[in-house]
Amino acid sequence: MAELISGKVVSAKVREDIKIETAAFKKEYGTAPGLAVIMVGDNPASAVYVRNKHKACLEVGMTSYEIKFDADISEDELLNKIDELNADDNVDGILVQLPLPKTIDEQKVINRISPTKDVDAFHPQNVGKIMIGNYTFLPCTPAGIVELLNYYNVEIGGKKCVVIGRSNIVGKPMAHLLMERNGTVTVCHSRTKELKEYTKDADILVVAIGKAEFLTADMVKPGAVVIDVGINRRDDGTLAGDVKFDEVEKIASKITPVPGGVGPMTITMLLKNTLTAAKQHKNS
Ligand code: NDP
């Protein structure tokens, strides 16, 4: 049976450190690091993520600003709000919860966030800095996965790593971070032919496609480390990952559960980036 890679356990430890550092920051500067989260519309999944981010901020002693707009807000109104937050000294990090309504150009909104407050690391300037290995922020989900692998002593160097999914927020940066840590990385996607040939060969398998229980045991090499990024809602309302956990845990050496795996780490890395941003703002 696979060892469980618990995002809950690792998150609790990292958040404890962030809490201590936040208290020290407050003592030094008389103010707490501040994170502004903008939500447009009432997507229920986004509402849960925004609520969790707000709660996590407060728990470590940071200030959280929740800004909600109706789905019919204009792009200009949203951009103006970002300008306002960019200029606000109390705000160190700005996050726009995605997806945005189709009427708004998502990339334009991301481009408007000051790169020094872009705690999601989605701004092209930050993406470019990551590519050349000279970054301030790492994207939260892939960074959280690297923390998990480190904590559970999973050696990446020289290992065959397969990432399924090539999104800008998970798949692509994940592949890059594994490559940077000397993994030999293959990226698969919906056009990959004979997917199983790749997945069966992987020592470390990261699945980020958004399809409930897609990865079955016959696609996994015995002893592989399996990281499940997927968050999918079943018809009965319960959560499922992209991995068929009950089957795969029997042959993997280590595996993340859903919930309680990658999810908590994503928020923890957001807190870490906010603290980094706050320190940089005070020292600039
Ligand atoms: P996207 O929809 O942006 O990307 C999905 C990727 O999966 C695409 O690259 C797509 O390929 C690929 N894909 C889809 N179907 C298949 C298939 N049958 N075989 C192989 N590849 C396939 O999703 P995200 O990257 O944003 O998110 C992925 C999942 O992770 C979602 O469930 C999301 O909810 C979850 N998530 C979880 C987070 C967490 O904190 N735990 C954070 C962010 C996301 P192609 O490019 O060819 O279309």
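This structure is a prediction, so every number in the text was calculated from the model and none was measured.

What counts and how
Residues numbered from 1 in each chain as written. Predicted model: local features only at pLDDT ≥ 70, side-chain atom pairs only at ≥ 80, totals over all residues. Heavy atoms only, no water. Helix = DSSP H or I, 4+ residues; strand = E, 2+ residues; numbered from the N terminus. Buried < 20%, exposed > 50% of the residue type's maximum accessible area, 1.4 Å probe, protein only. Contact = heavy atoms within 4.5 Å. Areas by Shrake-Rupley, 256 points an atom, 1.4 Å probe, with all protein chains shown as cover. Lys, Arg positive; Asp, Glu negative; His and termini not counted. Charge placed at Lys NZ, Arg CZ, Asp CG, Glu CD. Pairing = 2+ DSSP bridges. Axes fitted to C-alpha atoms, helices over the stretch in contact; angles between N-to-C directions. Parallel < 35°, antiparallel > 145°, perpendicular 65-115°, else oblique. Left-handed = near helix turned anticlockwise from the far one by under 90°. Patch = residues over 30% accessible without salt bridge, like charges linked within 9 Å, V, L, I, M, F, W, Y side chains within 5 Å. Salt bridge = Lys/Arg side-chain N within 4 Å of Asp/Glu carboxyl O. Polar contact = N/O pair within 3.5 Å; in protein donor to acceptor, adjacent residues only side chain to side chain. Domains from an automatic or database assignment. Right-handed = clockwise from strand over helix to strand, strands pointing away. Phe/Tyr/Trp six-rings, centres within 6.5 Å; stacked < 30°, edge-to-face > 60°.

Quick look at the overall build of the protein chain now. A count of helices and strands for the protein chain gives 10 helices and 11 strands. Once the C-alpha set of the protein chain is aligned to its principal axes, its extents read approximately 50 × 40 × 40 Å. The 284 residues of the protein chain split such that 49% are buried. The long-range share in the protein chain, meaning contacts at least 24 apart out of those at least 6 apart in sequence, stands at 69%. Of the accessible surface of the protein chain, which amounts to about 13600 Å², a share of 50% is contributed by carbon and sulfur atoms. Seen as two clouds, the 35 positive and the 38 negative side-chain charges of the protein chain have centres 3 Å apart.

Time to look at the sheet that holds strand S3 (residues 63–69). Reading across the sheet, the three strands line up as S3-S2-S4 and stay open at both edges, with parallel pairing between neighbours. Each edge of the open sheet is held by one strand with a lone partner, namely S3 and strand S4 (93–96). Neighbour to neighbour, the strand axes of the sheet diverge by 15° on average, direction disregarded. Bridge count for strand S2 (residues 34–40) against S3 is seven bridges, and the pairing is parallel. Looking at S3, one finds that Ile38 is bridged to Ile67. Contacting S2, S3 and S4, helix H2 (residues 44–59) runs over the sheet at an angle of about 160° to S3. Strands S2, S3 and S4 of the sheet are contacted by helix H3 (residues 75–86), whose axis makes an angle of about 175° with S2.

Where helix H1 (residues 7–29) contacts helix H10 (residues 262–282), the axes come no closer than 9 Å and their chain directions differ by 20°. With respect to each other, H1 and H10 are oriented roughly parallel. When the axes of H1 and H10 are compared, the crossing they make is left-handed. Of H10, the residues touching H1 (which contributes Gly7, Lys8, Val10, Ser11, Val14, Arg15, Ile18, Glu21, Thr22, Phe25 and Tyr29) are Pro264, Met265, Ile267, Thr268, Met269, Leu271, Lys272, Leu275, Ala278, Lys279 and Lys282.

Our focus in this paragraph is a positive patch on the surface. Taken together, the side chains of Arg166, Lys172, Arg191 and Lys193 make up a positively charged region of the molecular surface. Residue placement: Arg166 occurs in the loop between strand S5 (160–164) and helix H7 (171–180).

This next bit is on the side chain of Asp118. The residue Asp118 is located in the loop between helix H4 (106–112) and helix H5 (124–131) in this model. In this structure Asp118 is buried but unpaired, with Lys129 as the nearest side chain of opposite charge at 9.4 Å. Among the polar contacts listed, one links the side chain of Asp118 to the side chain of Asn126, at a separation of 2.7 Å. Aside from chain neighbours lying at most four places away, what touches Asp118 is Ile94, Ile113, His123, Asn126 and Phe137.

For the rest of this paragraph, the subject is the pattern of salt bridges. A full pass over the atoms with the stated rule returns 13 salt bridges. Residues Arg234 and Glu213 are paired through a salt bridge, measuring 3.0 Å at the closest nitrogen-oxygen approach. With Arg234 in the loop between strand S9 (232–233) and strand S10 (239–240) and Glu213 in the loop between strand S7 (204–207) and strand S8 (225–228), this pair connects stretches of sequence that are 21 residues apart.

With respect to the helices, strands and loops of the structure, Tyr152 is situated in the loop between helix H6 (140–151) and S5. A C-alpha to C-alpha distance of 9.3 Å links Tyr152 and Glu3, two positions 149 residues apart in sequence. If we ignore the near neighbours within four places in the chain, the residues touching Tyr152 are Glu3, Leu4, Ile5, Ser6, Val9, Val10 and Lys254.

Assigned domains of the protein chain: these are domain 1 (29–115) and domain 2 (140–263). Placing the centre of domain 1 and that of domain 2 at their C-alpha centroids yields a distance of 28 Å.

Attention shifts here to the pairing of strand S6 (residues 184–188). Both S5 and S6 contribute to a ladder of five bridges, which runs parallel. Across the sheet, Ile164 pairs through a bridge with Cys188, a residue of S6. This β-α-β element, S5 to H7 to S6, shows right-handed connectivity.

Now for the packing of aromatic side chains. The final tally for this structure, using the stated rule, is two aromatic pairs. Arranged with centres 4.7 Å apart and planes meeting at 50°, the rings of Phe25 and Tyr29 form a pair that is tilted. Separated by four residues within a single helix, Phe25 and Tyr29 lie in helix H1, roughly one turn from each other. The class for Phe25 is buried, based on a relative accessible area of 4%. Ring centres 5.3 Å apart and planes at 65° place the aromatic pair Tyr151 and Tyr152 in the edge-to-face group.

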